Amino acid sequence: MTQIASTDQPTPADLQQVTEWRRHLHQHPELSFHEFKTADFVEGELRQMPHLQISRPTPTSVLAVLRGQAGPGRTVLLRADMDALPIQEDTGLAFASQNPGVMHACGHDGHTAMLLGAAKLLAAQPETLSGEVRMIFQHAEELFPGGAQQIVDAGVMDGVDVAVGTHLMSPVPTGVIVLRDGPLLAASDAFEIVIEGRGGHAASPHQTVDPVIIAAQIVLAFQSIVSRQRDPLEPAVLSVTQIHGGSAHNVIPNSVTLGGTVRTFDAALRDLMPQRMEQLIKGISEGYGASYTFDYQRGYRALHNDPATTAVLREVTRETLGPDIQIVEGQPNMGGEDFSAYLTKVPGTFIVIGAGGPDAAPHHHPHFTVDERALEHGVRLYAAAARRLTQAV
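Residues numbered from 1 in each chain as written. Predicted model: local features only at pLDDT ≥ 70, side-chain atom pairs only at ≥ 80, totals over all residues. Heavy atoms only, no water.

## Points about the pattern of salt bridges
Note the threshold: Salt bridge, as used here: a side-chain nitrogen of Lys or Arg that lies within 4 Å of a carboxyl oxygen of Asp or Glu. Helix and strand definitions follow DSSP, with helices as H or I runs of at least four residues and strands as E runs of at least two, each counted in order from the N terminus. Type-normalised accessible area, obtained with a 1.4 Å probe on protein chains alone, sets the label of each residue: buried when under 20%, exposed when over 50%, and partly exposed for intermediate values.
Tallied over the entire structure, the rule returns 21 salt bridges. R22 serves as the salt-bridge partner of D109, at 3.0 Å between the closest nitrogen and oxygen. Of this pair, D109 sits in helix α3 (residues 108–123) while R22 sits in helix α1 (residues 12–27), and the two are 87 residues apart along the sequence. Since its relative accessible area comes to 1%, R22 is described here as buried. A salt bridge links R56 to D40; its shortest N-O distance comes to 3.2 Å. Of the two residues, R56 sits in the loop between β1 (52–55) and β2 (62–67) while D40 sits in helix α2 (residues 36–46), which places them 16 residues apart along the sequence. Residues joined by salt bridges that share partners form a network here, namely R22, R23, D109 and E372.

Okay, structure coming up:
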């Protein structure tokens with residue numbers, strides 16, 4: 001097996017630049033599908049690197065292609081997401097967000113900086129690289145329908161053999177790399193239900209069709225889907241996260257709106273969930289004399305890591321990061337990720353990189369940040385994964 005070139009090791013100056021890239025992106029976050037300045041910044045940095053072919057598959061994403069000069073090989077896709085979240089930052093960092101109400105609260109600024117760092121390493125030595133590396137700086141991971149599917153639809157995956165994505169994770173200690181064969185992240189769907197009753201005075205409930213009571217019955221009934229209508233060994237989550245209705249203490253409203261999410265791994269169970277939900281909604285609503293609308297939106301697919309690719313990346317991680325790095329087997333998580341769209345086209349693996357510890361603020365929180373020491377791990381893993389996986393099988 002060819003060893004990873006020692007020139008893939010970033011210098012202190014390289015790592016300082018990666019940190020500066022991350023901090024710049026953190027200061028200037030942009031929401032999903034609006035990453036115009038972010039994409040312009042990334043493209044500008046890439047254009048300073050040699051041997052890269054750069055394009056814009058969508059208005060707010062950037063693709064950099066590097067063709068190796070060491071002979072034929074496979075085509076590897078490396079992915080970093082770039083979008084931020086509608087959160088007001090409260091970290092107190094010197095490089096905190098300058099855009100009110102928008103924050104990099106999930107580590108995407110770090111992902112983008114890490115892939116820029118890997119691009120710089122790889123582009124400096126194409127003569128040592130086989131095959132082709134495609135580096136996609138993706139928009140809109142945080143918002144349905146997601147940027148990944150748009151990237152796939154744009155043809156970026158045509159001719160790709162394998163895909164690799166990473167995610168900095170604040171609750172995982174820095175120095176820990178999480179890898180897993182098979183299911184890692186769940187399909188993430190969303191729903192909205194509107195119960196249409198007949199409002200009236202709260203003192204005369206018998207003259208109304210109370211949508212509040214109906215909504216409450218539906219919320220309670222939904223719990224029986226997970227507890228009684230699916231295999232207890234098959235993971236599923238059904239969470240009602242929003243209830244909106246009413247405007248005064250003495251008025252029964254005409255309607256109530258419910259919203260929430262469904263998370264599953266199994267494709268058949270994913271298909272079953274909205275059927276069971278609507279059976280309950282219909283039965284309860286009609287039983288009380290109300291009507292309803294039910295909008296069920298399929299989100300990201302479940303993410304399943306390819307065992308063969310993951311095995312290679314375990315080896316790459318040991319070789320690249322050395323004995324001080326701890327590699328742990330991940331557990332399935334009900335979170336969602338649109339990296340799964342790439343895995344409908346090719347095998348691949350999603351790597352979790354520890355960037356904090358148990359006391360760190362969680363993702364999507366106003367105090368969220370990452371341990372910048374973890375950026376080096378991401379840079380080196382991206383570059384090493386590309387080098388190993390492009391080698392002809």
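What follows continues from the structure just given.
## Some points on the nonpolar core
To keep things clear, this is the line we draw: To define a nonpolar core, start from buried Ala, Val, Leu, Ile, Met, Phe, Trp, Tyr and Cys residues and group those joined through side-chain atoms within 4.5 Å. Any two residues having at least one pair of non-hydrogen atoms within 4.5 Å are treated as being in contact.
By size, the foremost hydrophobic cluster in this structure holds 57 residues, and its most contacted members are L46, L52, L78, M135 and F137. Leave out the neighbours within four places in its chain, and L52 touches L46, A64, V65, L66, A123 and M135. Counting 25 residues, the second-largest nonpolar core is a separate cluster that includes I225, A236, V256 and L269.

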